[in-house]
Amino acid sequence: MPDTSFIFTYPNYFPLAPDTQAPMLINVDGRSCICFFMNRPTMERFAEHHHGREAMKSARLIISRTRGELLNVVSQLRTQLTSKGLLM
C-alpha cells in the first residue's frame, strides 16, 4: 500500500451558497474550485466567514457519508458546473 499523508474521512460536506443554493465556489489561481470539507465545524466557520452567520442559517449542504456517495456527488457537481461554464 502506498504511503500517504492525506486520508479521506466521512462524512464530507459541500456547502451551498445561501443566495443561489448552488455549491460554494472559490477562486484559486484563477480557477473556480468547489468548496469541500471533511470536518463540519471547519466548514461552518469557512461558510460563515464568506457569507455571514445570518445567511448561513438558511443555507443547505450536501453530505456524502461513503466513498460511493462522494464519487456520485462529485460526478453530478462536475457535470452541473461544467455545463454552466463554471468549471473546465
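Up top you'll find the structure we're talking about.
Residues numbered from 1 in each chain as written. Predicted model: local features only at pLDDT ≥ 70, side-chain atom pairs only at ≥ 80, totals over all residues. Heavy atoms only, no water.

A. Seen up close, the pairing of strand β3 (residues 31-34). When strand β2 (residues 25-28) meets β3, the two strands line up antiparallel, connected through four bridges. Among the inter-strand pairings, I26 is bridged to a residue of β3, identified as C33. Hairpin geometry of β2 and β3 is characterised by an intervening segment of two residues between the two adjacent antiparallel strands and by a positive phi of about 50 degrees at D29. (Pairing = 2+ DSSP bridges. Helix = DSSP H or I, 4+ residues; strand = E, 2+ residues; numbered from the N terminus.)

B. Representation of a nonpolar patch on the surface. Where nonpolar side chains cluster on the molecular surface, the patch consists of F6, F8 and Y10 and spans about 300 Å² of accessible area. Among the secondary structure elements, Y10 is positioned in the segment before β1 (12-15). Residue Y10 is classed as partly exposed on the basis of its relative accessible area of 33%. (Patch = residues over 30% accessible without salt bridge, like charges linked within 9 Å, V, L, I, M, F, W, Y side chains within 5 Å. Areas by Shrake-Rupley, 256 points an atom, 1.4 Å probe, with all protein chains shown as cover. Salt bridge = Lys/Arg side-chain N within 4 Å of Asp/Glu carboxyl O. Buried < 20%, exposed > 50% of the residue type's maximum accessible area, 1.4 Å probe, protein only.)

C. Region of interest: the packing of aromatic side chains. Evaluated as defined, the whole model comprises three aromatic pairs. Seen from their ring centres, F14 and F36 are 5.0 Å apart, and the 55 degrees between their planes marks the pair as tilted. Taken together, the residues span a long stretch of sequence, with F14 in strand β1 and F36 in the loop between β3 and α1 (40-51) at a distance of 22 residues. Judged by relative accessible area, F14 falls into the buried class, the value being 3%. Judged by its relative accessible area of 26%, F36 falls in the partly exposed class. An angle of 50 degrees between the planes, with centres 5.2 Å apart, marks the rings of F37 and F46 as tilted. Under the relative-accessibility criterion, F37 is labelled buried at 13%. Taken together, the aromatic side chains of F8, F14 and F36 make up a single cluster linked through ring pairs. (Phe/Tyr/Trp six-rings, centres within 6.5 Å; stacked < 30°, edge-to-face > 60°.)

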